[in-house]
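Per-entry structural report
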Amino acid sequence: MTAPLGDTRTHLARNHAVIGPDSHVVAPLPGWEETQGVVLIAPAMGSAQGTGANGPNFTQYLATLESTSRSTAAPPGCQRFVYVLEGKASVGGNELDADGYAWLPPDQTHEITGQAGSRLWVHEQRYAATEVAATPKPCFGHASGVRAEPFLGDPAARLAKLLPQEAAFDLEVNRFTFDPGAALPMVESHVNEHGLLMLEGTGVYRLGSGPETHWQTVATGDAIWMGAFCPQWFCCFGTGPATYLYSKNVNRPAL
Ligand code: UGY
Ligand code: MN
């Protein structure tokens, strides 16, 4: 979806944001060698509002690889999740093709390289250690190997949780697929934040409440930040299914 000259689909609000591909500005990625990318979601979004509101507690970005691109670490104390959108990448010695993914624990050196033209979605977030479990070891998988379950009993809305459902993880990364006409069964509002990337299809997202309510048609490539308690609802429309990939902070006390 493009926007007319001087217009944009990008929308910033106090507790949510939509970043449309029409407003992407490609730049060298800090922490990566010879790699161009686009930061979709970052803590700086909070100050962009000028309201003193909290921004996101994580960063999500797109990386486009050259044959010489390389990264060896996330920022100190941060876990890293890498999802291959297109092409092939080698992450921590594991060869991943499209829809393959990797989770890397904080403060552990690793190497990421890949074929020229490959595109990665990267999520970085400070890891919150817990007394109940040790920090997990690196974890690798492919979306095709994860069973998608009906969401709250609806077989037309199917949720695949890519990371192990264990207390040691303070992060979920999920793939959510909706058939045309399928929707979230309610307007959710929860303490967890989300960072989302539309992988395929079209739909409408409702974000916020009251005078802040924003309805946005979304399509492949759109990114959305939903802050804590941001009311949220999605319905898929169009001729085919819609799938999005999203993060959720989990398993840690709210206080
Ligand atoms: O996991 C979730 O909270 C999910 N149901 N939210 C969403 O899709 N916006
Ligand atoms: Mn949610």
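Residues numbered from 1 in each chain as written. Chains lettered and ligands numbered in written order. Predicted model: local features only at pLDDT ≥ 70, side-chain atom pairs only at ≥ 80, totals over all residues. Heavy atoms only, no water.

Re the environment of proline 164
Here proline 164 shows up in the loop between β16 (154-161) and β17 (171-178). When neighbours within four sequence positions are excluded, proline 164 is seen to be in contact with Cys139 and Phe169. (Helix = DSSP H or I, 4+ residues; strand = E, 2+ residues; numbered from the N terminus. Contact = heavy atoms within 4.5 Å.)

Remarks on the pairing of strand β19 (residues 202-207)
Summarising burial for β19: 5 of the 6 residues are buried, a large majority. Note that β19 and strand β20 (residues 214-219) share 6 bridges and pair antiparallel. Counted as the bridge partner of tyrosine 205 is glutamine 216 from β20. Here β19 folds back onto β20 in antiparallel fashion, the turn holding 6 residues, of which glycine 208 has a positive phi close to 80°. (Buried < 20%, exposed > 50% of the residue type's maximum accessible area, 1.4 Å probe, protein only. Pairing = 2+ DSSP bridges.)

Describing the pattern of salt bridges
This model, assessed by the stated rule, comprises 10 salt bridges. The residue arginine 70 makes a salt bridge to glutamate 33 at a minimum N-O spacing of 3.1 Å. Here arginine 70 is found in strand β7 (residues 70-71), whereas its partner glutamate 33 is found in strand β4 (residues 32-33), with 37 residues between them in sequence. Classification of arginine 70 by relative accessible area gives partly exposed; the value is 29%. Judged by its relative accessible area of 41%, glutamate 33 is partly exposed. For glutamate 149, the salt bridge identified is with arginine 147, shortest N-O distance 3.3 Å. With a relative accessible area of 38%, glutamate 149 lands in the partly exposed category. Through salt bridges with shared partners, a single ionic network connects Glu33, Arg70 and Glu111. (Salt bridge = Lys/Arg side-chain N within 4 Å of Asp/Glu carboxyl O.)

So yeah, pure geometry; function would need other evidence.
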